[in-house]
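So the chains spell out like this:
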Amino acid sequence: MAEEAKPVPEAEELPRTIVRRIVKDKLSRCSEDGDISVNKDALLAFSESARIFIHYISATANDICKESKRQIVNADDIFKALEETDFSEFIRPLKASLEDFRKKNAGKKAAVSKEKESGKNKKRKVEGEPSGKVKSDNGESPEKGESGDAE
């Protein structure tokens, strides 16, 4: 018997707008006039193909990770998976994209770290300044009506 196609859980579907944008962008580069229309079924086929490819590479990378007695898949596992599955032509462009991504995020992380650090310094200054509140001998603020002074 032929295997029936099971509906794909929504969580596993790739966003249609992103798939459409990628497909149209790539196909327009191949076309002389640059205007490409893509049938809805063709977009679904692209999306499903990409989803299956992701699952295939993920499973292979996971196996590589387990062989190394690790639990977290890293980029090197993906590169090895691409090589093992005869998609080694993707490794070089993927490494370049990953490097660009890391450079962009390094700048963002540095900006966020500086922002957090300056926020901590402001808090330290505020905490270090006297607040004008009276504290009792045990370090707690006196209750309303108590001045902390003996009469």
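What comes next concerns the included structure. Worth saying up front: this structure is predicted, and the values here are computed from it rather than measured.

**Considerations on the packing of helix α2 (residues 40–67) against helix α3 (residues 75–84)**
Where α2 meets α3, the axes come as close as 8 Å, and the angle between the chain directions of the two elements is 110 degrees. In terms of axis orientation, α2 runs roughly perpendicular to α3. Taken as a pair, α2 and α3 cross one another with a handedness that is right-handed. Counted together, Phe53, Ile57, Thr60, Ala61, Ile64 and Cys65 of α2 and Asp77, Ile78, Lys80, Ala81, Leu82 and Glu84 of α3 form the full contact between these two elements. Along the lines of polarity and charge, the residues of the contact of α2 with α3 split into eight nonpolar, one polar and three charged.

**Considerations on the pattern of salt bridges**
By the definition in use, this model includes four salt bridges. Residue Asp25 is joined to Arg29 by a salt bridge in which the shortest nitrogen-to-oxygen separation is 3.2 Å. Remark: Arg29 and Asp25 occur in helix α1 (residues 16–30); sequence separation between them is four residues, near one turn of the helix. A salt bridge links Asp77 to Arg70, with the shortest nitrogen-to-oxygen separation between them at 2.6 Å. Given the relative accessible area of 30%, Arg70 is considered partly exposed.

**Remarks on the side chain of Thr85**
Examined against the element boundaries, Thr85 turns out to sit in the loop between α3 and α4 (91–128). Judged by relative accessible area, which is 11%, Thr85 ranks as buried. Within polar-contact distance, the side chain of Thr85 engages the backbone oxygen of Ala81 at 2.7 Å.

**Quick look at unusual backbone geometry**
In this structure, Lys69 takes a positive phi of about 60 degrees despite not being glycine. Secondary-structure assignment places Lys69 in the loop between α2 and α3. Its identity as a non-glycine residue notwithstanding, Asp86 has a phi of 65 degrees, on the positive side. By the secondary structure assignment, Asp86 is in the loop between α3 and α4.

**A closer look at the layout of surface pockets**
As a volume, the largest pocket reaches approximately 430 Å³. Along its surface, the largest pocket is lined by Leu14, Pro15, Ile18, Val19, Ile22, Val23, Lys26, Leu27, Phe46, Ser49, Ala50 and Ile54. Taken together, the elements giving at least two residues each to the lining of the largest pocket come down to α1 and α2. Here the element with the most residues in the lining of the largest pocket is α1; it accounts for six residues. Looking at side-chain class alone, the lining of the largest pocket contains ten nonpolar, one polar and one charged residues. The space that makes up the second largest pocket amounts to roughly 370 Å³. Contributing elements (two or more residues each) for the lining of the second largest pocket: α1 and α2. Counting residues per element, the lining of the second largest pocket draws most heavily on α2, at seven residues.

Procedures and definitions
Residues numbered from 1 in each chain as written. Predicted model: local features only at pLDDT ≥ 70, side-chain atom pairs only at ≥ 80, totals over all residues. Heavy atoms only, no water. Axes fitted to C-alpha atoms, helices over the stretch in contact; angles between N-to-C directions. Helix = DSSP H or I, 4+ residues; strand = E, 2+ residues; numbered from the N terminus. Parallel < 35°, antiparallel > 145°, perpendicular 65-115°, else oblique. Left-handed = near helix turned anticlockwise from the far one by under 90°. Contact = heavy atoms within 4.5 Å. Nonpolar A, V, L, I, M, F, W, Y, C, P; charged D, E, K, R; others polar. Salt bridge = Lys/Arg side-chain N within 4 Å of Asp/Glu carboxyl O. Buried < 20%, exposed > 50% of the residue type's maximum accessible area, 1.4 Å probe, protein only. Polar contact = N/O pair within 3.5 Å; in protein donor to acceptor, adjacent residues only side chain to side chain. 1 Å grid on protein atoms, 1.4 Å probe; cavity = no way out; pocket = protein on both sides within 12 Å on 5 of 7 lines; lining within 4 Å. Points joined across faces, edges and corners; volume = space filled by probe spheres on them.

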